[in-house]
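Here is what each chain is made of, one letter per residue.
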Amino acid sequence: MVARLLLRSWSRGLAVGPGAPCRPLSTGFEPSQYLQRSIVPTMHYQDSLPRLPIPKLEDTIRRYLSAQKPLLDDSQFRKTEQLCKSFETGIGKELHEQLVAQDKQNKHTSYISGPWFDMYLTARDPVVLNFNPFISFNPDPKSEYNDQLTRATNMTVSAIRFLKTLRADLLEPEVFHLNPAKSDTDTFKRFIRFVPSFLSWYGAYLVNAYPLDMSQYYRLFNSTRLPRPHRDELFTDDKARHLLVLRKGHFYIFDVLDQDGNIVSASEIQAHLKYILSDNSPAPEFPLSYLTSENRDIWAELRQKLVSGGNEATLEKVDSAVFCLCLDDFPIRDFVHLSHSMLHGDGTNRWFDKSFNLIIAKDGTAAIHFEHAWGDGVAVLRFFNEVFKDSTQAPAITPQSQPASTDSSVAVQKLNFKLSDALKTGISAAKEKFDATVKSLTIDYIRFQRGGREFLKKQKLSPDSMAQLAFQMAFLRQYGQTVATYESCSTAAFKHGRTETIRPASIFTKTCSEAFVREPSKHSAGELQQMMAKCSTYHNQLTREAAMGQGFDRHLFALRYLAAARGISVPELFLDPAYRQINHNILSTSTLSSPAVNIGCFAPVVPDGFGIGYAVQDNWIGCNVSAYQSRNAREFLQCVEKALEDMFDALEGKMIKT
């Protein structure tokens, strides 16, 4: 899912995406039109960002074998070790040299960017459940502002303010501050803005500030993934000024920007949304949205039928809309209902191909569901945080605000699609598949209240490492195994960085898990504490390496991709059952933490896996787990809770209960 949000960035004068120059301010600076007015231009750092390093081949092989050690028996490991040696001195060495040479010729980007886009866009699986995650907002602190119409209006206005601020180059650059007292100050910003873009990163580095890549941000708005045979296309039309609204499976559009690029008044937006909410039309018999949940080749073929059937102009309005606002007609009951609603819903009221859907339920519960090919969680979380902050601290309307006296029946256009019998059959087939898949998915949630980040840091332990250790202990207790585990980590500290993989399952977590689960009485609390400390130290090392582009997964992926691109037969290393096994990630995990975030969720990445979204907060640990029918999410969470209880007992010097 969402990449582990460690880092981010951008630069001046560069377009906010290909062919999209920064907008001049419409008519002077009007604060109500923007979120902020950054001293440093949004894209100031982008030109000088360091490039993503390609690890040394011997380092990649060493790290790969370390990750394989807890997953293989001795004979399997010896076989894999031999294949690695042959690869390192043979075809792997040749491919690595070719990759380095290719990278030197493409200094405008990273070695992983092209292959990673291809990986997403050539995948033929449906985007829903297989790729798209969601992040839900906390409620507005002022309860009366959680009214659906009020919150939808405020969040829409805040989202458009973000768009205008980004395009006017007024959004604060994304910077990771190690010493904010020096770098996150007006004095430093006034200095650095005059440092040329090609040097600006170095100026920030001197004060321990690390600008992060922001090259994905321009795809946030006016963007859609278009289904095409064999490989999809990312489409962006930043000239469009209209919002797409879905309700009860119906499609509506209206302008949220006027001809001068100014935001339409909040009272008009409120009036138009009120008009849409008052539409009593029954749900369509054949909801078009189901098609975005289809296999990509099938959807590509059906989309062509839509276009040739006279729907091209209407589809363009969907594709080019600033974003998609989904208004649901029911309140959220609990965390599990929230997760199902925001991750997939009933399929009728989402356009899963849109860069993001802003979903607002009847009770004002809100979330962002996003398509993953265009970017990672970095851009989405920044947008998410800014929208929450602006809509709660500087709301455009109050619950008492009256909608504008305007004729919404003229301003709001309801989109109608001409559906042939073949398209109706396609929609029915897509619905049947969608319903069957969703029915097989279970989601469950726990909040461990005994402690969180504060307690673990006092013990000099990495909070993230302890959450990951709990997952290892839980799976061992439930299934008696240590399995391939994936934790995503952002590499946005580098130009066009995407993600790297942290491999939390290690010889240290395996030893520690077995001690807790299989023989707790044989170890004192002090011995268990020492094992936990080793897990923490090693996990911190893996996290640092991944964030600095020094993992092994992306490097091996790029080498395999290069071999295929050059028509070289698949190297033996990649045919090894151990390689397939370590990439069959039964535990797929992702964490994010923000005052704006309630919970997030994504589906398992393999049929027999778990999708684990988690957050270690100051005084509690939250965990949201999804699974298909071959696994039991609730039982797994019970084992996670038991693991956390045992770990906290050990840290408090207590005996572990069997």
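Residues numbered from 1 in each chain as written. Predicted model: local features only at pLDDT ≥ 70, side-chain atom pairs only at ≥ 80, totals over all residues. Heavy atoms only, no water.

**A word on a nonpolar patch on the surface**
Where nonpolar side chains cluster on the molecular surface, the patch consists of F198, L199 and Y202 and spans about 330 Å² of accessible area. Within the element layout of this structure, F198 appears in helix 8 (residues 197-205). Judged by its relative accessible area of 55%, F198 falls in the exposed class. (Patch = residues over 30% accessible without salt bridge, like charges linked within 9 Å, V, L, I, M, F, W, Y side chains within 5 Å. Areas by Shrake-Rupley, 256 points an atom, 1.4 Å probe, with all protein chains shown as cover. Salt bridge = Lys/Arg side-chain N within 4 Å of Asp/Glu carboxyl O. Helix = DSSP H or I, 4+ residues; strand = E, 2+ residues; numbered from the N terminus. Buried < 20%, exposed > 50% of the residue type's maximum accessible area, 1.4 Å probe, protein only.)

**With respect to the layout of surface pockets**
The space that makes up the second largest pocket amounts to roughly 1,200 Å³. Considering the residues around the second largest pocket, the lining is formed by 37 residues, among which M119, F131, N583, N585 and V605 are closest to the centre. Listing elements by their share of the lining of the second largest pocket, those giving two or more residues are helix 4 (113-122), strand 13 (485-490), strand 14 (499-502) and helix 19 (553-565). In terms of residue count, helix 19 provides more of the lining of the second largest pocket than any other element does, seven residues in total. Here the residues of the lining of the second largest pocket sort into 21 nonpolar, ten polar and six charged. (1 Å grid on protein atoms, 1.4 Å probe; cavity = no way out; pocket = protein on both sides within 12 Å on 5 of 7 lines; lining within 4 Å. Points joined across faces, edges and corners; volume = space filled by probe spheres on them. Nonpolar A, V, L, I, M, F, W, Y, C, P; charged D, E, K, R; others polar.)

**Focus: the packing of helix 10 (residues 296-320) against helix 14 (residues 421-439)**
Contact geometry of helix 10 with helix 14 gives a least axis separation of 10 Å together with a crossing angle of 150°. With respect to helix 14, the element helix 10 is oriented roughly antiparallel. Remark: the crossing between helix 10 and helix 14 carries left-handed chirality. Along its contact with helix 10, which presents I298, L302, K305 and L306, the element helix 14 presents A422, L423, G426 and K433. In terms of residue class, the contact of helix 10 with helix 14 is built from five nonpolar, one polar and two charged. (Axes fitted to C-alpha atoms, helices over the stretch in contact; angles between N-to-C directions. Parallel < 35°, antiparallel > 145°, perpendicular 65-115°, else oblique. Left-handed = near helix turned anticlockwise from the far one by under 90°. Contact = heavy atoms within 4.5 Å.)

**Considering the sheet that holds strand 6 (residues 242-247)**
Taken in spatial order, the eight strands make up an open sheet running 11-7-6-8-9-10-1-16, and their pairing is mixed. Two strands lie at the open edges of the sheet, namely strand 11 (413-415) and strand 16 (597-601), each paired on one side alone. On average, adjacent strands in this sheet sit at an angle of 25° to one another, irrespective of strand direction. Inspection of the sheet shows strand 6 paired to strand 7 (residues 250-255) by six bridges, in the antiparallel sense. For H242, the partnering residue across the bridge sits in strand 7 and is D255. In the packing of helix 12 (residues 377-393) onto the sheet, the strands contacted are strand 1 (134-137), strand 9 (356-360), strand 10 (366-370) and strand 16, and the crossing angle to strand 1 comes to about 15°. (Pairing = 2+ DSSP bridges.)

**Let's talk about helix 10**
With 25 residues, helix 10 should reach 36 Å at 1.5 Å per residue; the first-to-last C-alpha distance of 20 Å falls well below that figure. Along helix 10, the helix axis deviates most sharply at N311, where the bend reaches about 115°. Within helix 10 the residues assigned to the buried category are R296, W299, A300, L302, R303, L306, N311, T314, L315, V318, D319 and S320. Capping the start of helix 10 is the job of one residue whose side-chain oxygen sits 2.9 Å from the backbone nitrogen of D297: N295. (Expected span 1.5 Å × (residues − 1). Bend = angle between axes of the 7 residues up to and from the residue. Polar contact = N/O pair within 3.5 Å; in protein donor to acceptor, adjacent residues only side chain to side chain.)

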